[in-house]
Amino acid sequence: MSQAPRRPNVLLIYPDQMRADAMSCAGNPVIRTPHMDRLANEGARFDRAFTAFPLCCPFRASLMTGKYPHANGMRANHYPIPLDQEFLPQLFDRHGYQTGYIGKWHLNGGPKCAFVEPQDRLGFRHFVGFSRGHYYDHSIFYRGDDRRPRTSKRHEPDYQTDQLIEFMSECAADPQGRPFFAMVCYGPPNS
């Protein structure tokens, strides 16, 4: 009797302000990105993907819903996404994946560096992040349901990567052997 194939872990890296050609694996002759190149080589790199909308919130909403902004209700920045639809992390969760999000959220409206309410996390069960902001050094973030802001004195992508590795390590130790769907959203490009 053969076993069912192991489902893959899924890591979605979303740098907020990074151009598609800002990696050496994308043909850039100046920039050296060995770690991103390795991930692209061993995983999947979407080299023919285009934005559904050239603004942060509408694009993020399209990524989370699989719908264009006119269909998902997010047509401008700084408004909350309508919650009466299905979201990508909910699909992964329903299929037995552990879900984790790290970084800039920018899908719930509200002020910069604010706490993201659990019901606004679109199904992500593990959450380390903040509503929005562009403070890359000494940034504020929140862990899980703890409303106390934390401040990192490290460069934002550095501590976010540590948080991501911590989540993936916890998932690897899962006694049920469930795969993970993790998303990390770095603010500055080419981090």
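Note that the structure is a prediction, hence the values are computed from the model and not measured.

*Asks:* I'd like to hear about the layout of surface pockets, residue by residue, with values.
*Replies:* Reported here for the largest pocket is a volume of approximately 1600 Å³. The wall of the largest pocket is formed by 43 residues, among which Leu12, Ile13, Tyr14, Pro15 and Phe46 lie closest to the centre. Within the residue set of the lining of the largest pocket, elements represented by two or more residues are strand 1 (10-13), helix 1 (34-42), helix 2 (56-65), helix 4 (88-94) and strand 6 (180-185). If one sorts the elements of the lining of the largest pocket by residue count, helix 1 sits on top with six residues. Looking at the lining of the largest pocket residue by residue, the classes come out as 29 nonpolar, six polar and eight charged.

*Asks:* Pulling in residues and values, what's your account of unusual backbone geometry?
*Replies:* A positive phi angle is found at histidine 78, which is not glycine, with a value near 75°. With respect to the secondary-structure elements, histidine 78 resides in the loop between helix 3 (69-72) and helix 4.

*Asks:* Break down the side chain of glutamine 98 for me, citing the residues and quoting the values.
*Replies:* With respect to the secondary-structure elements, glutamine 98 resides in strand 2 (residues 98-104). Given a relative accessible area of 13%, glutamine 98 falls into the buried group. Residue contacts for glutamine 98: discarding those within four places in its chain leaves Phe167, Cys171, Asp174, Arg178, Pro179, Phe180 and Phe181.

*Asks:* Help me get a handle on the environment of alanine 22, residues and values and all.
*Replies:* Within the secondary structure, alanine 22 is located in the loop between strand 1 and helix 1. Separated by 32 residues in the primary sequence, alanine 22 and proline 54 have C-alpha atoms spaced 18 Å apart.

Scoring rules and cut-offs
- Residues numbered from 1 in each chain as written.
- Predicted model: local features only at pLDDT ≥ 70, side-chain atom pairs only at ≥ 80, totals over all residues.
- Heavy atoms only, no water.
- 1 Å grid on protein atoms, 1.4 Å probe; cavity = no way out; pocket = protein on both sides within 12 Å on 5 of 7 lines; lining within 4 Å.
- Points joined across faces, edges and corners; volume = space filled by probe spheres on them.
- Helix = DSSP H or I, 4+ residues; strand = E, 2+ residues; numbered from the N terminus.
- Nonpolar A, V, L, I, M, F, W, Y, C, P; charged D, E, K, R; others polar.
- Buried < 20%, exposed > 50% of the residue type's maximum accessible area, 1.4 Å probe, protein only.
- Contact = heavy atoms within 4.5 Å.

No statement about biological role is implied by the geometric values presented.
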